[in-house]
2 protein chains.
Amino acid sequence: MGRVYNFSAGPAVLPEEVLQAAANDMLDYKGCGMSVMEMSHRSKMFEEIITEAEQDLRDLMGIPDNYRVLFLQGGGSMQFAQVPLNLMKTGVADYIVSGSWSKKAWKEAKKFGDARCIASSEDKTFSYIPDVDALEIDDDADYVYICENETIYGTKYHKLPDTKGKPLVADVSSCFLSEPVNVEDYGVIFGGVQKNVGPAGVAIVIIREDLIPEEELPNVPTMLQYKTQADAKSLYNTPPCWGIYICGLVFKWLKANGGLEGAKRRNVEKAQLLYDYLDQSKLFKATAAKEDRSLMNIPFVTGDKDLDAKFVAEAKAAGLENIKGHRSVGGMRASIYNAMPKAGVEALVEFMKKFEAENA
Amino acid sequence: MGRVYNFSAGPAVLPEEVLQAAANDMLDYKGCGMSVMEMSHRSKMFEEIITEAEQDLRDLMGIPDNYRVLFLQGGGSMQFAQVPLNLMKTGVADYIVSGSWSKKAWKEAKKFGDARCIASSEDKTFSYIPDVDALEIDDDADYVYICENETIYGTKYHKLPDTKGKPLVADVSSCFLSEPVNVEDYGVIFGGVQKNVGPAGVAIVIIREDLIPEEELPNVPTMLQYKTQADAKSLYNTPPCWGIYICGLVFKWLKANGGLEGAKRRNVEKAQLLYDYLDQSKLFKATAAKEDRSLMNIPFVTGDKDLDAKFVAEAKAAGLENIKGHRSVGGMRASIYNAMPKAGVEALVEFMKKFEAENA
């Protein structure tokens, strides 16, 4: 069997060109006689890989010089602790809870200080983004925290909150590099790469320099201090070299395909295809509030659990994989990240049409 | 150019069969239509990968049922904090400092409690393993900590310390799976895999069940709690899937080649080749105490810095890569892990003979 269309929410589809390049160079990277997995992280060859990866990411996102880029381990979940451990100085932080991931981050932060939930959309199963125009930001808050795209509920901030001058910390795991961003709107941007950027095992943290603690924090594990990782340029200990290498290949693939403007154009086109169909369908219904819809994760339901299960099974048989929704929402979810080709979304919509006709 | 002989201390050489398998399955793992990097960590396919990897490791090491196996992120350096955070109950622990890595672990533990150095070999640049027969173990110590093989200095414990009943915690990063072990001699065995087992980005922790805290630890990041990771079978969040997959392939390679008995036989043979030559050489000298020599990392010097540099440069030109020693010892270091073929050590010894003849 050939390649399937993989709608997994993460780990997720990667560009075929990237996989091909990784396979080709597996035993002998650029004639150096070894695999990237075998290289010393202190070698000149790996230094080139990580330096180029950072530069390409800076080019793609337009990251200003006063922001540092860190390649870390532990995924987004480790950042849920690292952010408060490093950024809470007064001991207060404000969280907007728009789904499972921001809720998890908020609960984790409460271990380390007074993390306050200043807005939530839990009243309607997180199907919308809370109103961010009239937030009551605490005067003593060290930062305001959001999860910019909630993978499970398929919602996205299309307008950033007014943080009244407080640094905005955003978990962008499921919308990383999906469209252009203005990095200066944020204090910290972080994401696990395993959804839209690379393989699981790398988290990228983009942090404004003045938010990195100047002194070592006495009771915080050395590995979790942003200062340690920034001072050592992500090489305090052996980094996840292979993952960084694959992210670097993805950055080059994005640059060769119109950068983040190009990514956005393709993502809008793909999402539109699916939303347009959903909005006129009599069988399927998109679950997220229209004005807060994500370009990346699109949950939908039929309203009938048995029919949902039938759809998932038949879709799988047709080469449309991982279309089952998260148990919190039920039904289906199509994650259509950067590397999902338009043909994949077209195939999905065609399949849905057929299924709707057969099950009307 | 073909494959080189890579004597890197880590990340290090991997079996060519493993790299070949990884390349072959890159775009379509076992006919599932996707790469291992693209698979949901909750998928049946990945569950098989991680379950088989754990079982193969259990088979290789003879891990008893009352020990848990965890696949974590952050490398050995993250364990330097995780061990005291999880295991210090009285707040006291005893460390044997036999090199840079155990010293780093000891210093990190001091952040979280009264970590005491009960023996050290720093007086002679860590060229030997401290006497472990007459240790003054503290009555209230929660554990005794060692680094079983010091990568930089090339020393190895050939006899484990008498811990007087306290759990022994061992960092085995650079001797992982190099020879059979009796797991029951340890409370915790951990290692970054990037030296002898797989690619950087995975740490394996083998821990006796009763040492895992029964309750959640209130002020410890969720990700750093052994309980979290054990309860979730290493799937609390997205694990480093690709790295676990490669480790699994290495486990199968070891099983197919005589298990750890086979590995030891080959490792002794390879190390003997190099030590025998070093012991009779008039130019080169091994730096570690004879009785504490490592099978994995073999540092040696000429005593002349310029000559050392010349050797390293000429060795590189001859396809013997990463033979430069660590700055703490100087000179050269040959790391000859499981995946280094005997032919590589033979080539090195031949090259040293030639160099000695030319530079006598």
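Model, not experiment: these values are computed from the prediction. Within every chain, residues take consecutive numbers counted from 1 along the sequence as written. Lettering of chains starts at A and numbering of ligands starts at 1, both following the order in which they are written. Note on the predicted model: pLDDT of at least 70 is required for a residue's local features to be given, and 80 or more for side-chain atom pairs to be given and counted; whole-chain, interface and lining totals, by contrast, use all residues. Side-chain numbers here rest on the full set of heavy atoms in the structure, without hydrogens or water.

Side note on the overall build of chain A
Here is step 1 of the chain: Where helices and strands are cited, they refer to DSSP runs of H or I of at least four residues and of E of at least two residues respectively, numbered from the N terminus. Of the regular secondary structure elements, chain A holds nine helices and 14 strands.
Here is step 2 of the chain: Based on C-alpha atoms, the radius of gyration is set beside the globule rule, defined as 2.2 Å times the residue count to the power 0.38. In terms of overall dimensions, chain A is globule-like: its C-alpha atoms have a radius of gyration of 21 Å, near the 21 Å expected for 360 residues.
Here is step 3 of the chain: Overall, chain A is about 65 × 55 × 30 Å in size when its C-alpha atoms are taken along their principal axes.
Here is step 4 of the chain: Exposure categories follow from relative accessible area, calculated using a 1.4 Å probe and restricted to protein chains: below 20% of the type maximum is buried, above 50% is exposed, and the middle band is partly exposed. Residues counted as buried form 65% of the 360 residues belonging to chain A.
Here is step 5 of the chain: Across chain A, contacts joining residues at least 24 apart in sequence account for 68% of those joining residues at least 6 apart.
Here is step 6 of the chain: Side chains of chain A give 41 positive and 52 negative charges; the mean places of these two sets differ by 4 Å. The contact rule is simple, with two residues in contact once any of their heavy atoms fall within 4.5 Å. When charges are tallied, Lys and Arg are placed among the positive residues and Asp and Glu among the negative ones, while His and the ends of the chain are skipped. Throughout, a charge is located at the NZ atom of Lys, the CZ atom of Arg, the CG atom of Asp or the CD atom of Glu.

Considering the relation of the copies chain B and chain A
Here is step 1 of the chain: Relative to chain A, chain B is turned by 180 degrees and slid 0.0 Å along the rotation axis, the superposed coordinates differing by an RMSD of 0.0 Å. One copy is carried onto the other by what is essentially a two-fold rotation axis. By C-alpha distance to the rotation axis, the residue of chain B lying nearest is B:Ala23, at 2.2 Å.
Here is step 2 of the chain: The overlap is high: 100% of the interface residues of chain B also sit at the interface in chain A, so the same surface is used on both sides. For the least-squares superposition of copies, only C-alpha atoms count, and only for residues with pLDDT at least 70 in both.

Digging into the UniProt feature "domain: Aminotransferase class V" (unreviewed entry) in chain A
Here is step 1 of the chain: UniProt positions are given in the numbering used here, feature names are shortened, and annotations may be inferred rather than shown by experiment. In this structure's numbering, the residues bearing the UniProt feature "domain: Aminotransferase class V" (unreviewed entry) are residues 4-348 of chain A.
Here is step 2 of the chain: Overall, residues 4-348 of chain A shows 33% helix and 17% strand. The separation of its end C-alpha atoms is 12 Å.

Some remarks on helix H7 (residues 259-280) of chain B
Here is step 1 of the chain: Each residue after the first adds 1.5 Å to the expected span of a helix. Its 22 residues place the ends of H7(B) 32 Å apart at the C-alpha level, agreeing with the 32 Å of an ideal helix rising 1.5 Å per residue.
Here is step 2 of the chain: Here the buried face of H7(B) lies against helix H2 (44-61), helix H6 (241-256), strand S11 (285-286), strand S12 (297-301), strand S14 (332-335) and helix H9 (342-358) of chain B.

Remarks on the sheet that holds strand S14 (residues 332-335) of chain A
All names here are of chain A.
Here is step 1 of the chain: An order of S11-S12-S14 is seen for the three strands of this open sheet, with the pairing classed as antiparallel. The sheet terminates laterally at strand S11 (285-286) and S14, the two strands that pair on one side only.
Here is step 2 of the chain: By the bridge criterion, two bridges tie S11 to strand S12 (residues 297-301) in an arrangement that is antiparallel. Opposite Ala 286, over in S12, you have Phe 300 as the bridge partner. A strand pair is defined by DSSP finding two or more bridges across the two strands.

A closer look at the sheet that holds strand S10 (residues 203-208) of chain B
Residue and element names in this part refer to chain B.
Here is step 1 of the chain: Spatially, the seven strands line up as an open sheet ordered S2-S10-S9-S8-S5-S3-S4, and their pairing is mixed. In this open sheet, the two edge strands, each paired with only one partner strand, are strand S2 (67-72) and strand S4 (114-120). Pairs of neighbouring strands in the sheet enclose a mean axial angle of 20 degrees, with direction left out of account.
Here is step 2 of the chain: Summarising the sheet, strand S5 (residues 144-147) and strand S8 (residues 168-171) pair through four bridges and their orientation is parallel. Residue pairing across strands places Tyr 145 opposite Val 169, the latter belonging to S8.
Here is step 3 of the chain: Throughout, an axis means a line fitted to C-alpha atoms (over the contacting stretch in the case of helices), and angles, computed between N-to-C directions, take values from 0 to 180 degrees. Helix H4 (residues 100-109) contacts strand S3 (92-97), S4, S5 and S8 of the sheet and is inclined by roughly 160 degrees relative to S3.

Looking at the packing of aromatic side chains
All names here are of chain A.
Here is step 1 of the chain: Two rings from Phe, Tyr or Trp (for Trp, the six-membered ring) form a pair when their centres are within 6.5 Å of each other. A pair whose planes differ by under 30 degrees is stacked, one over 60 is edge-to-face, and the rest are tilted. If you walk through the whole model with that rule in mind, you get 33 aromatic pairs over all chains.
Here is step 2 of the chain: Ring geometry for Phe 284 against Phe 300: centres 5.7 Å apart, planes inclined by 85 degrees, an arrangement best described as edge-to-face. One end of the pair, Phe 284, is in the loop between helix H7 (259-280) and S11; the other, Phe 300, is in strand S12, and 16 residues separate them in sequence. Across the pair, Phe 300 and Phe 284 agree in class, each one buried.

Things to note about the packing of helix H8 (residues 305-317) of chain A against helix H9 (residues 342-358) of chain A
All names here are of chain A.
Here is step 1 of the chain: Contact geometry of H8 with H9 gives a least axis separation of 11 Å together with a crossing angle of 135 degrees. Put simply, H8 runs oblique to H9. The element H8 and its partner H9 pack so that their crossing is right-handed. Side by side, H8 and H9 meet where Leu 307, Lys 310, Phe 311, Glu 314 and Ala 315 of the first sit next to Leu 348, Phe 351, Met 352, Phe 355 and Glu 358 of the second. The scheme is simple: roughly parallel for angles under 35 degrees, roughly antiparallel for over 145, roughly perpendicular for 65 to 115, oblique for anything else. When the near helix sits turned anticlockwise from the far one by under a right angle, the crossing is termed left-handed; a clockwise turn instead gives a right-handed crossing.

Notes on the pattern of salt bridges
Residues and elements named next belong to chain B.
Here is step 1 of the chain: We count a salt bridge whenever a side-chain nitrogen from Lys or Arg sits within 4 Å of a carboxyl oxygen from Asp or Glu. Summed over the entire model, instances satisfying the criterion amount to 52 salt bridges over all chains.
Here is step 2 of the chain: The closest approach of N and O atoms between Asp 138 and Arg 116, which form a salt bridge, is 2.7 Å. Here the residue Asp 138 occupies a position in the loop between S4 and S5, and Arg 116 occupies one in strand S4, the gap between them amounting to 22 residues.
Here is step 3 of the chain: Residues Asp 210 and Arg 208 are paired through a salt bridge, measuring 2.7 Å at the closest nitrogen-oxygen approach.

Digging into the domain arrangement of chain A
Residue and element names in this part refer to chain A.
Here is step 1 of the chain: Domain annotation of chain A identifies domain 1 (16-256) and domain 2 (259-359).
Here is step 2 of the chain: Each domain's limits were defined by an automated method or a database of domain assignments. Each of domain 1 and domain 2 has a C-alpha centre, and these two points are 27 Å apart.
Here is step 3 of the chain: When the two sides are added together, the surface that domain 1 and domain 2 hide from each other amounts to roughly 2100 Å², 56% of it contributed by carbon and sulfur.
Here is step 4 of the chain: In this assembly, domain 1 and domain 2 are joined by one salt bridge.
Here is step 5 of the chain: Residue Lys 264 pairs with Glu 179 through a salt bridge whose shortest N-O separation is 3.8 Å. Buried area is a sum: the accessible area each of two parts loses on coming together, probed at 1.4 Å, counted once for each and added.

Some points on the environment of B:Ala334
All names here are of chain B.
Here is step 1 of the chain: Here Ala 334 shows up in strand S14.
Here is step 2 of the chain: On a C-alpha basis, the gap between Ala 334 and Asn 6 in space is 8.9 Å, while along the polypeptide they are 328 residues apart.
Here is step 3 of the chain: Sequence-distant contacts of Ala 334, that is, excluding residues within four places in its chain, are made with Phe 7, Leu 274, Met 296, Asn 297, Ile 298, Phe 300, Ile 323 and Leu 348.

Let's talk about the UniProt feature "modified residue: N6-(pyridoxal phosphate)lysine" (unreviewed entry) in chain A
Residues and elements named next belong to chain A.
Here is step 1 of the chain: Mapped onto this structure's residue numbering, the UniProt feature "modified residue: N6-(pyridoxal phosphate)lysine" (unreviewed entry) falls at Lys 195.
Here is step 2 of the chain: You can see Lys 195 is positioned in the loop between strand S9 (188-192) and strand S10 (203-208).
Here is step 3 of the chain: Residue contacts for Lys 195: discarding those within four places in its chain leaves Ala 9, Gly 10, Ala 12, Thr 151, Ser 173, Ser 174 and Tyr 337.
Here is step 4 of the chain: Within polar-contact distance, the side chain of Lys 195 engages the backbone oxygen of Ala 9 at 3.2 Å. N or O atoms closer than or at 3.5 Å make up a polar contact, with two conditions inside protein: a donor-capable atom paired with an acceptor-capable one, and, for residues adjacent in sequence, both atoms drawn from side chains.

Topic: the side chain of B:Arg293
Residues and elements named next belong to chain B.
Here is step 1 of the chain: Among the structural elements, Arg 293 can be located in the loop between S11 and S12.
Here is step 2 of the chain: Judged by its relative accessible area of 12%, Arg 293 falls in the buried class.
Here is step 3 of the chain: At 2.7 Å, the side chain of Arg 293 and the side chain of Asp 279 are in polar contact.
Here is step 4 of the chain: Contact partners of Arg 293, with chain neighbours within four places excluded, come to Gly 154, Lys 156, His 158, Tyr 275, Asp 279, Ala 286 and Ala 288.

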